[in-house]
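# Examination of the molecular architecture
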Amino acid sequence: MIESYRFGKIVINGKSYSSDVIIIGDHVKADWWRREGHRLHIEDLEEVTSRDVEVLVVGTGYFGLMKVPEDVKRFLAEKGIEVIVQKTADACKTFNKLKDSGKKVAAALHLTC
């Protein structure tokens, strides 16, 4: 579970991270690096698309500056993955609610801008 988030820092299951993360089930991939800092690309989500995920929650940053292009949303939809795009603070809350409901949920979270 995501315990807290603030600009540049997130606490997941008692561990603090200061770089962008992907969460799939109980696994956290720290230091998630994207091809382009404030734009999400399909290849940035290989960990998600290779797993059994029903919903991907994308946190676009504290101010919401990371963009999720339509081609990425379409690609995920074709894979049967619902995509929810929100500023990271809201995305953290959404992830926790979906995880509590038993959904197979993943999160890709940009922690800064």
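Whatever comes next refers back to the structure up there.
Now for a look at the structure at hand. (Residues numbered from 1 in each chain as written. Predicted model: local features only at pLDDT ≥ 70, side-chain atom pairs only at ≥ 80, totals over all residues. Heavy atoms only, no water.)

## With respect to the sheet that holds strand E7 (residues 82-86)
Taken in spatial order, the five strands line up as E5-E4-E8-E6-E7 in an open sheet, and their pairing is mixed. In this open sheet, the two edge strands, each paired with only one partner strand, are strand E5 (27-29) and E7. Taken over all neighbouring pairs, the strand axes of this sheet differ in orientation by 15° on average, direction set aside. (Pairing = 2+ DSSP bridges. Helix = DSSP H or I, 4+ residues; strand = E, 2+ residues; numbered from the N terminus. Axes fitted to C-alpha atoms, helices over the stretch in contact; angles between N-to-C directions.)

## Comments concerning the packing of aromatic side chains
Overall, the coordinates contain four aromatic pairs when judged by the stated rule. Taken together, a centroid distance of 5.7 Å and an interplanar angle of 80° make the contact between Phe 7 and Tyr 62 edge-to-face. Remark: Tyr 62 occurs in the loop between strand E6 (55-59) and helix H2 (70-78) and Phe 7 occurs in the loop between strand E1 (2-6) and strand E2 (9-12); sequence separation between them is 55 residues. Phe 7 gets classed as partly exposed once you look at its relative accessible area, which sits at 42%. (Phe/Tyr/Trp six-rings, centres within 6.5 Å; stacked < 30°, edge-to-face > 60°. Buried < 20%, exposed > 50% of the residue type's maximum accessible area, 1.4 Å probe, protein only.)

## Here's the deal with the nonpolar core
Counting 19 residues, the largest nonpolar core has Ile 2, Ile 10, Ile 12, Val 21, Ile 23 and Leu 109 as the members making the most contacts within it. At the level of secondary structure, the elements contributing two or more residues to this core comprise E1, E2, strand E4 (21-24), E6, helix H3 (88-100) and strand E8 (105-109). With four residues, the top contributor of residues to this core is H3. In contact with Val 21, not counting residues within four places along its chain, are Ile 12, Val 28, Lys 29, Ala 30, Trp 32, Ala 107, Ala 108 and Leu 109. Within the second largest apolar cluster, 16 residues are counted, among which are Trp 32, Leu 45, Val 48 and Met 66. (Core = buried A, V, L, I, M, F, W, Y, C linked by side-chain atoms within 4.5 Å. Contact = heavy atoms within 4.5 Å.)

## Structural notes on H3
The terminal C-alpha atoms of H3, which comprises 13 residues, lie 18 Å apart, in line with the 18 Å expected from a rise of 1.5 Å per residue. Among the residues of H3, those classed as buried are Thr 88, Ala 91, Cys 92, Thr 94, Phe 95, Asn 96 and Leu 98. In the core, the buried residues of H3 are packed alongside E1, E2, E4, E6, E7 and E8. Of the residues one or two after H3, Gly 102 is the one with positive phi, at around 95°. (Expected span 1.5 Å × (residues − 1).)

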